[in-house]
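# Topology and contacts: notes
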Amino acid sequence: MVRTLFFAWGGLLALLGVQVGLAYLPLGAAHLYFALGVAVAMASIVAWIFMELIRAPHLARIFAYAGLFWVMAMFALGGSDYATRAWNRAMGIPSANQLPRD
Amino acid sequence: MAEQSLEKGYEADTSLIGMWLFLCTEVLFFGALFFAYFAYQHLYPLAMAEGVRRTDLTFGTINTVLLLTSSLSISLGVVQPRWRTRGFVGAGALGAAFLVVKGFEYAKDFQEGLFPGPGFIAVSRETGPEHIFFIFYFTATAIHALHMLIGLGLITYALKGKGSPVVVALYWSFVDIVWICLYPLLYLVGRGAG
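Residues numbered from 1 in each chain as written. Chains lettered and ligands numbered in written order. Predicted model: local features only at pLDDT ≥ 70, side-chain atom pairs only at ≥ 80, totals over all residues. Heavy atoms only, no water.

Turning to the overall build of chain B, a few remarks are in order. Tallying secondary structure elements over chain B gives 6 helices and 0 strands in all. Helices and strands appear in chain B in the N-to-C order α-α-α-α-α-α. C-alpha atoms of chain B, sized along the principal axes, occupy 75 × 30 × 30 Å. Here chain B, with 194 residues, has 51% of them falling under the buried criterion. Across chain B, every contact between residues at least 6 apart in sequence was considered, and the portion connecting residues at least 24 apart equals 78%. Of the roughly 8600 Å² that chain B leaves accessible, carbon and sulfur atoms contribute 69%. Side chains of chain B carry 12 positive and 13 negative charges; the gap between the two charge centres is 7 Å. (Helix = DSSP H or I, 4+ residues; strand = E, 2+ residues; numbered from the N terminus. Buried < 20%, exposed > 50% of the residue type's maximum accessible area, 1.4 Å probe, protein only. Contact = heavy atoms within 4.5 Å. Areas by Shrake-Rupley, 256 points an atom, 1.4 Å probe, with all protein chains shown as cover. Lys, Arg positive; Asp, Glu negative; His and termini not counted. Charge placed at Lys NZ, Arg CZ, Asp CG, Glu CD.)

This paragraph deals with the interface of chain A and chain B. Contacts between chain A and chain B engage 43 residues on the former and 48 residues on the latter. Each partner contributes to the roughly 3900 Å² buried at the junction of chain A and chain B, and carbon and sulfur atoms together form 85% of this total. For the interface between chain A and chain B, the tally reads 0 salt bridges. For the pair chain A and chain B, the number of links is 4 residue pairs in polar contact (both at pLDDT 80 or more). At the level of elements, α1 (2-23), α2 (31-50) and α3 (58-90) of chain A are the ones that each hand at least two residues to the side of chain A that touches chain B. For the side of chain A that touches chain B, a count of residues per class yields 35 nonpolar, 6 polar and 2 charged. (Buried area = accessible area lost by both parts, 1.4 Å probe. Salt bridge = Lys/Arg side-chain N within 4 Å of Asp/Glu carboxyl O. Polar contact = N/O pair within 3.5 Å; in protein donor to acceptor, adjacent residues only side chain to side chain. Nonpolar A, V, L, I, M, F, W, Y, C, P; charged D, E, K, R; others polar.)

On to unusual backbone geometry. Note: most peptide bonds trans; most residues except glycine with negative phi. A positive phi is found at A:E52, a non-glycine position, where the angle reads about 55°. Considering the arrangement of structural elements, one finds A:E52 in the loop between α2 and α3.

As a further point, take the confidence of the model for chain A. Here chain A averages 89 in pLDDT, and 92% of its residues register 70 or above. Taken element by element, chain A is modelled with least confidence in α3(A), mean pLDDT 90, and with most confidence in α1(A), mean pLDDT 96. (pLDDT = per-residue confidence, 0-100.)

Turning our eyes to something else, we now look at a nonpolar patch on the surface. Residues and elements named next belong to chain A. Residues Y65, L68 and M72 make up a contiguous nonpolar surface patch of roughly 330 Å² in combined accessible area. Relative to the elements of secondary structure, M72 occurs in helix α3. By relative accessible area, which is 53% here, M72 ends up exposed. (Patch = residues over 30% accessible without salt bridge, like charges linked within 9 Å, V, L, I, M, F, W, Y side chains within 5 Å.)

To continue, consider the side chain of B:Q41. Looking at the secondary structure, you find B:Q41 in helix α1 (residues 2-43). Take B:Q41: its relative accessible area is 15%, and that puts it in the buried class. When sequence neighbours within four positions are dropped, the list of residues in contact with B:Q41 reads A:L32 and B:M48.

On average, residues of chain B score 92 in pLDDT, and 95% of them are at 70 or above. Across the interfaces of the predicted complex, the ipTM metric reaches 0.91, alongside a pTM of 0.91.

What follows is the structure in structure tokens.
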């Protein structure tokens, strides 16, 4: 168990190095996704190994997944507004805040 | 005797599950904060990248290493009962070091005119969105630092033999996860030229 913890820590530091390296590559807008991908991997290592989610009671795991699910629902519903605004612009339809008011 | 130990087991399970439930509410709280970041990022990508280039990568990276190591330390204290005191003291010391580094970083930020308000020094014409990045930066890091202070209080409490060390360690590592998610957004995305 102790060895697993040290391996996890080493993995986290390696991923941190990858993340800093990626920051200087010409990835453009994709950089956000790469950086978040590495961050999710790091957060998963902390949750599964350091926080022992891997051995946690089932109810605790259900809470962890529920939190993740709710936050994803919020991101999906909130983000869909921002993601679809360009479609309206492309079709020449003014967005809600540009509509004339009576 | 058997009944007593069974009850003890339930008690440990209940406090563990209770902490996970609390952390679930924290995920939603920080989720809203991160959502705000993504909305700003979508609306003002250039100003957000400008903000990232003005934060101090060295301070941020040192702090990330400190927190990752403090999580290791507290986890060692949980899995090896004979290392408990050392593990928890180590985690607390690294956490305190994080706050000291953050203090130096804030001082530097203030000097460089990064605090939003009349003294703010913008580097592009997008003054408003540049402010927004630093409003996010100071709000997010201050809320995170507050969580660290609460965590340090909980560690002290656990070292006095009160409460459940496992539950304290869960909270501590969660605060580490929040930082892991904040770090790339505040220090990395948009730093390079591309």
